[in-house]
Amino acid sequence: QTYLEQAWDLDRFVLDNSFLYLLSLNPQLHQTDFKTLIFFKDGRLIKTRENSNSVMRSLFDLIGFSYDFIRGISTRVSGKDSHCVPYIFGRYSFLPLSGPTRQQSSWINLSKVQHYRALKGEKGVEVHCVNQHVFQLPVRPQFFAHLPLWMILITHSGIAMATLSALALNLLFHILGGKER
């Protein structure tokens with residue numbers, strides 16, 4: 001509740017890559033008409049009445065590729081449809097903490113994560129981000145354990161992420177999606 005009181009009230013804005021964590025607010029728990037609380041690396045807090053997935057869709061529109069497009073690439077490459085596919089493209093890497101096909105889902109900016117650890121005796125993960133920001137996320141430790149260790153290392157390098165994105169797009173368009181000529 002303290003974070004909600006400190007946050008700026010904005011309903012129309014464009015999210016950028018400087019956010020750390022986008023929290024989907026549960027109306028039963030938070031007693032508010034705000035739907036999303038956003039934490040930024042410079043300490044800013046924004047609260048909005050827009051649902052979290054609408055906020056993220058606006059960011060994806062700005063980047064140029066929808067979540068469904070990135071999820072489709074993952075499905076084509078891996079051969080299976082996954083529940084919480086990370087959005088990784090160039091220097092952008094975001095992870096939904098629940099299925100983003102729902103109206104509301106919290107998101108973490110993986111490119112800002114330095115490390116994480118399981119909380120002892122509790123269900124959750126403590127995530128350490130840039131500028132000494134720490135979040136306790138209500139997910140099982142296995143949720144982050146399923147992310148390959150190299151993913152967090154690579155998401156810190158824009159050059160490596162751009163290279164992997166280019167390879168994935170080439171694979172998708174020229175090899176998997178190409179027609180016989």
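What counts, and at which threshold
Residues numbered from 1 in each chain as written. Predicted model: local features only at pLDDT ≥ 70, side-chain atom pairs only at ≥ 80, totals over all residues. Heavy atoms only, no water. Helix = DSSP H or I, 4+ residues; strand = E, 2+ residues; numbered from the N terminus. Buried < 20%, exposed > 50% of the residue type's maximum accessible area, 1.4 Å probe, protein only. Contact = heavy atoms within 4.5 Å. Areas by Shrake-Rupley, 256 points an atom, 1.4 Å probe, with all protein chains shown as cover. Phe/Tyr/Trp six-rings, centres within 6.5 Å; stacked < 30°, edge-to-face > 60°. Lys NZ or Arg CZ within 6 Å of the ring centre and 35° of its normal. Pairing = 2+ DSSP bridges. Axes fitted to C-alpha atoms, helices over the stretch in contact; angles between N-to-C directions.

## Side note on the overall build of the chain
- Across its full length, the chain carries seven helices and ten strands.
- Buried residues in the chain amount to 45% of all 181 residues.
- By sequence separation, contacts in the chain at least 24 residues apart represent 51% of the contacts at least 6 residues apart.
- Accessible surface, the chain as shown: approximately 10,400 Å² in total, 54% of it carbon and sulfur.

## Comments concerning the packing of aromatic side chains
- Inspection of every chain in the model, using the stated rule, returns 13 aromatic pairs.
- Measuring from ring centre to ring centre gives 5.5 Å for Phe19 and Phe94, while their planes differ by 20°; the resulting arrangement is stacked. Here Phe94 lies in strand 6 (residues 92-96) and Phe19 lies in strand 2 (residues 19-24), a separation of 75 residues in the sequence.
- According to the relative accessible area criterion, Phe19 is buried, its value standing at 0%.
- Residue Phe94 is classed as buried on the basis of its relative accessible area of 0%.
- In textbook terms, an aromatic cluster arises when at least three aromatic residues are bridged by ring pairs, as seen for Phe19, Phe60, Tyr67, Tyr87, Tyr92, Phe94 and Trp107.
- Here Arg44 stacks its cationic end above the ring of Phe40, 4.0 Å away from the centre of that ring.

## Notes on the sheet that holds strand 9 (residues 125-129)
- Taken in spatial order, the three strands line up as 8-9-10 in an open sheet, and their pairing is antiparallel. Edge positions in the open sheet fall to strand 8 (113-118) and strand 10 (134-137), since each of these has one partner strand only. In this sheet, adjacent strand axes meet at a mean angle of 20° when their direction is disregarded.
- Where strand 8 meets strand 9, five bridges bridge the pair, whose relative direction is antiparallel. Looking across to strand 9, one finds that His115 is bridged to His128.

## Overview of the pairing of strand 6
- Burial of strand 6 is extensive: five of the five residues sit out of reach of the surface.
- Pairing of strand 5 (residues 87-89) with strand 6, which is carried by three bridges, proceeds in the antiparallel orientation. Paired with Phe89 across the strands is Tyr92, a residue of strand 6.
- The loop that links strand 5 with its antiparallel partner strand 6 comprises two residues; one of these, Gly90, has a positive phi angle of about 60°.
- Bridge count between strand 6 and strand 7 (residues 107-109): three bridges; the pairing is antiparallel.

## Notes on the pairing of strand 9
- Counting buried positions over the five residues of strand 9 gives five, a clear majority of the element.
- Side chains Val125, Val127 and Cys129 of strand 9 all project onto a buried face; the interleaved residues Glu126 and His128 project onto the opposite face, where all are buried too.
- Hairpin connection between strand 8 and strand 9: a loop of six residues separates the two successive antiparallel strands, and Gly121 in this loop has a positive phi of roughly 70°.
- Where strand 9 lies against strand 10, four bridges are found, and the strand directions are antiparallel. If you follow His128 over to strand 10, its bridge partner there is Val134.

## Thoughts on the sheet that holds strand 4 (residues 45-48)
- Read from one edge to the other, the open sheet built from seven strands follows the order 1-4-3-2-7-6-5, with strand pairing classed as mixed. Edge strands, defined here as strands with exactly one partner in the open sheet, are strand 1 (8-9) and strand 5.
- In this structure, strand 1 lies alongside strand 4, joined through two bridges in parallel fashion. Bridge pairing in strand 4 places Trp8 opposite Ile46.
- Here helix 3 (residues 52-63) sits on the sheet and contacts strand 2, strand 3 (36-40), strand 4, strand 5, strand 6 and strand 7; the angle it forms with strand 2, its principal contact strand, is near 145°.

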